[in-house]
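These are the residues of each chain, in order.
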Amino acid sequence: MTIEIKNMLTDLNQAEVLVTGATSQIGQCLLPHLQAAGITMTAISRQPQSNTAYIVWQQSNLQISPLSISQSSLLFHVAPLPLLPPLLTHLPNNAPLKKIIAFSSTSCFTKANSPDPKERRIATQLTEAETALITICQARDIAWTLFRPTLIYGCGIDKNVTFIARFIRRFGFFPLVGQGKGLRQPVHADDLAIACVQACLSPKAINKAYNLSGGQTLTYYDMVKAIFHHLGKKPRIMSIPLPLFKFTTRCLSGLPTYAHLSAAMIARMNQDLCFDYTMAYHDFGYQPRTFSDTDMGF
Ligand SMILES: NC(=O)c1ccc[n+]([C@@H]2O[C@H](COP(=O)([O-])OP(=O)(O)OC[C@H]3O[C@@H](n4cnc5c(N)ncnc54)[C@H](OP(=O)(O)O)[C@@H]3O)[C@@H](O)[C@H]2O)c1
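My aim in this report is to walk through the structure given alongside it, one point at a time. This structure is a prediction, so every number in the text was calculated from the model and none was measured. (Residues numbered from 1 in each chain as written. Predicted model: local features only at pLDDT ≥ 70, side-chain atom pairs only at ≥ 80, totals over all residues. Heavy atoms only, no water.)

Now for the sheet that holds strand 4 (residues 73-77). Taken in spatial order, the seven strands line up as 3-2-1-4-5-6-11 in an open sheet, and their pairing is parallel. Taken across any chain shown, the strands that pair with only one partner, and hence form the sheet edges, are strand 3 (55-59) and strand 11 (208-212). Each neighbouring strand pair of the sheet contributes to a mean axis angle of 15 degrees, computed without reference to strand direction. For strand 1 (residues 16-20) and strand 2 (residues 41-45), the ladder comprises four bridges, and the chain directions are parallel. Its bridge partner being in strand 2, Thr20 is matched across the sheet by Ile44. With respect to the sheet, helix 7 (residues 189-200) is in contact with strand 4, strand 5 (97-103), strand 6 (143-149) and strand 11, its orientation differing from that of strand 5 by roughly 150 degrees. (Pairing = 2+ DSSP bridges. Helix = DSSP H or I, 4+ residues; strand = E, 2+ residues; numbered from the N terminus. Axes fitted to C-alpha atoms, helices over the stretch in contact; angles between N-to-C directions. Contact = heavy atoms within 4.5 Å.)

Set out below in structure tokens:
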């Protein structure tokens, strides 16, 4: 795959490559692909990082510091999408930013009608950021591609698959509400990194948005079972009544490890969250890996 990407990226050597959100799961996968292709890039993080031969780290908080773009540039925005429109608005009119590959989320659909007002706000912010990004890019003649992934895993830092694995390691079992029959399509961060590279070199992907799900559709129950297998453990999955689950979640929500849990999230264990990636396959050859037999990153 590296050789294919190397060939695909030759064209980019003329452009400056910027990666915002470079320490994210996708960023951690994207940087090595770009580096292997001989691409020099500026990677942005709020934390200090050490430069390497191909990666110049810039310490910057995108909420308060503008982007500096002085030569023909390609931007991979892997940080939260709502940060991007204000950054673009503050760029000088003649800034030579040519192309943006940015990440939104399928949460803009799945959380739009959530009973949890916090989740509805996230969905609204994403939808508004998508609209603003497209409007600004049209006005400034910047080519854009938007990706909406589903549940991302693969680097051992996500709050879904890795959280489940840590819970299993610690307690030896995993609790589910009902049968956990909601369908999931976990997507590996490396497949999204490869999609970035493929899309930025495909003319068909210009000015389009894609839902990017993983290569296997399985129930929440089967996803948990696959994680047990990956850990070399016999599955011990317990069905717990929703009221007890909600009570436990409320009690644990003060602890940082469990702060992201919410009643709405638990209720979604039995809802299907599925998206079709056929358009991405046709436009730039997106072919995500299956979940059960892959390296889950832990
Ligand atoms: N996680 C999922 O399952 C999921 C699902 C669908 C879509 N997405 C989207 O996919 C993208 C990557 O998701 P992720 O979960 O891997 O990462 P994330 O937790 O959303 O964070 C992405 C990165 O953004 C950087 N960042 C955040 N605020 C910043 C700021 N003010 N200034 C500069 N950098 C900032 C952080 O880097 P530093 O801490 O180094 O500054 C972090 O590494 C995001 O756009 C996310 O919304 C994620």
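Structure's up, so let's keep going.
Glancing now at the site of the ligand. The immediate surroundings of the ligand are formed by 23 residues, with Thr23, Ser45, Arg46, Asn61 and Leu62 found nearest. The contact in question runs from a nitrogen atom of the ligand to an N or O atom on the side chain of Asn61, over 2.8 Å. In this structure, an oxygen atom belonging to the ligand sits 3.4 Å away from a main-chain N or O atom of Phe103. When the ligand is considered free in solution it has 870 Å² of accessible area, and contact with the protein chains removes 79% of it. (Near = heavy atom within 4 Å. Polar contact = N/O pair within 3.5 Å; in protein donor to acceptor, adjacent residues only side chain to side chain. Areas by Shrake-Rupley, 256 points an atom, 1.4 Å probe, with all protein chains shown as cover.)

With that out of the way, let us pick up the pattern of salt bridges. This model, assessed by the stated rule, comprises five salt bridges. Residue Glu130 is joined to Arg148 by a salt bridge in which the shortest nitrogen-to-oxygen separation is 2.8 Å. One end of the pair, Glu130, is in helix 5 (residues 117-140); the other, Arg148, is in strand 6, and 18 residues separate them in sequence. Owing to a relative accessible area of 8%, Glu130 belongs among the buried residues under this scheme. (Salt bridge = Lys/Arg side-chain N within 4 Å of Asp/Glu carboxyl O. Buried < 20%, exposed > 50% of the residue type's maximum accessible area, 1.4 Å probe, protein only.)

As for its placement among the helices and strands, Thr106 is situated in the loop between strand 5 and helix 4 (107-110). Accessibility expressed as a relative area gives 5% for Thr106, which makes it buried. Discounting chain neighbours no more than four positions away, the residues touching Thr106 are Arg148, Pro149, Thr150, Asn211 and Phe275.

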